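Here is how the chains run, residue by residue.
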Amino acid sequence: MLARLRGGDASAFDAIFRANYALLVRVAETMLRDRATAEEIGQDVMLELWRRREQLDVAESVRGYLVQATRNRALNHLRHLAIERRSEPHLVESATSVPPTDRAAREAEIEIALQEAVADLPERCRAVFELSRVEGLKYSEIAARLEISVKTVEVQMGKALRVLRQKLKPWLPTGENL
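The rules behind the values
Residues numbered from 1 in each chain as written. Predicted model: local features only at pLDDT ≥ 70, side-chain atom pairs only at ≥ 80, totals over all residues. Heavy atoms only, no water. Helix = DSSP H or I, 4+ residues; strand = E, 2+ residues; numbered from the N terminus. Buried < 20%, exposed > 50% of the residue type's maximum accessible area, 1.4 Å probe, protein only. Areas by Shrake-Rupley, 256 points an atom, 1.4 Å probe, with all protein chains shown as cover. Salt bridge = Lys/Arg side-chain N within 4 Å of Asp/Glu carboxyl O. Bend = angle between axes of the 7 residues up to and from the residue. Expected span 1.5 Å × (residues − 1). Polar contact = N/O pair within 3.5 Å; in protein donor to acceptor, adjacent residues only side chain to side chain. Phe/Tyr/Trp six-rings, centres within 6.5 Å; stacked < 30°, edge-to-face > 60°. Lys NZ or Arg CZ within 6 Å of the ring centre and 35° of its normal.

Caption draft 1: Representation of the overall build of the protein. Along the protein, the regular secondary structure elements total eight helices and zero strands. In the protein, the succession of α and β elements from N to C terminus is α-α-α-α-α-α-α-α. For the protein, buried positions account for 30% of its 178 residues. Carbon and sulfur atoms form 52% of the exposed surface of the protein, whose accessible area is close to 11400 Å².

This is how it looks when you write it as structure tokens:
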């Protein structure tokens, strides 16, 4: 089955999808307690399987590979949610501590600084950042659109955030990160 998948056989992919998708959703849902997100993760994992079929290096079973990929994506999603929750109090606090007239001026100043900082990013780094933060694409979608690996997207996004964090440091409250 794996050899047929590597060769681009859509019926092999269909068989693998039908045999494993429900399991992947259950694994993700057990970890996330959110059916919709679990289904999205299951779909993403299966889509990546198809996209990377020719380079696929499965040491054991396809099912084991898919389950591990699903766990990894679910953990990444949980980490992302934790980061969002940690940053919420800072956002509420900074929004309420500035008088309304000053807040509008400060927001405009920050927006200009952000636009300049993003424009100064290297081309690929800027493209990855904008596809992620402006268009809301997932790393796998960005990788497909730019025809690069997901790992390259992760590296470029990390670089973009480091550069932006440094350039926007004067506008961030002490101890707050992007």
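Caption draft 2: Representation of the pattern of salt bridges within the structure. The final tally for this structure, using the stated rule, is nine salt bridges. Residues Arg35 and Glu29 are paired through a salt bridge, measuring 3.0 Å at the closest nitrogen-oxygen approach. Since its relative accessible area comes to 43%, Arg35 is described here as partly exposed. Between Asp120 and Lys167 there is a salt bridge, and its shortest N-O distance comes to 3.4 Å. In this pair, Asp120 sits in the loop between helix H5 (100-119) and helix H6 (123-133) while Lys167 sits in helix H8 (residues 150-167), placing the two residues 47 residues apart along the sequence. The exposure class of Lys167 is partly exposed, given its relative accessible area of 37%. The network of salt bridges with common partners includes Glu29, Arg35 and Glu39.

Caption draft 3: Quick look at helix H2 (residues 10-32). Along H2, the largest kink reaches about 45° and is centred on Asn20. Here H2 has its buried residues at Ala12, Phe13, Ile16, Asn20, Tyr21, Leu24, Val25, Val27, Ala28 and Leu32. At the C-terminal side of H2, Arg33 shows a positive phi close to 60°.

Caption draft 4: Region of the structure containing helix H3 (residues 35-51). Compared with an ideal rise of 1.5 Å per residue, which puts 17 residues at 24 Å, H3 spans 24 Å between its outermost C-alpha atoms and is within 8% of the ideal. Considered for burial, the residues of H3 that qualify are Thr37, Ala38, Ile41, Gly42, Asp44, Val45, Met46, Glu48 and Leu49. Sitting at the amino-terminal end of H3 is Asp34, which places a side-chain oxygen 3.4 Å from the backbone nitrogen of Ala36.

Caption draft 5: Structural context of unusual backbone geometry. The phi angle at Arg33 is positive, at roughly 60°, despite the residue not being glycine. For Arg33, the position within the fold is in the loop between H2 and H3. Overall, Arg33 belongs to the exposed group, its relative accessible area being 69%.

Caption draft 6: A look at the packing of aromatic side chains. For the structure on display, the rule yields three aromatic pairs. Ring geometry for Phe17 versus Tyr21: centroids 4.9 Å apart, planes at 10°, classification stacked. Placement of the pair is Phe17 and Tyr21 together in helix H2, with a separation of four residues, close to one helical turn. Residue Tyr21 is classed as buried on the basis of its relative accessible area, which comes to 18%. Members of the aromatic cluster, each reached through a chain of ring pairs, are Phe13, Phe17, Tyr21 and Trp50. Here the guanidinium or amino end of Arg53 rests over the ring plane of Trp50, the centre of that ring lying 3.8 Å away.

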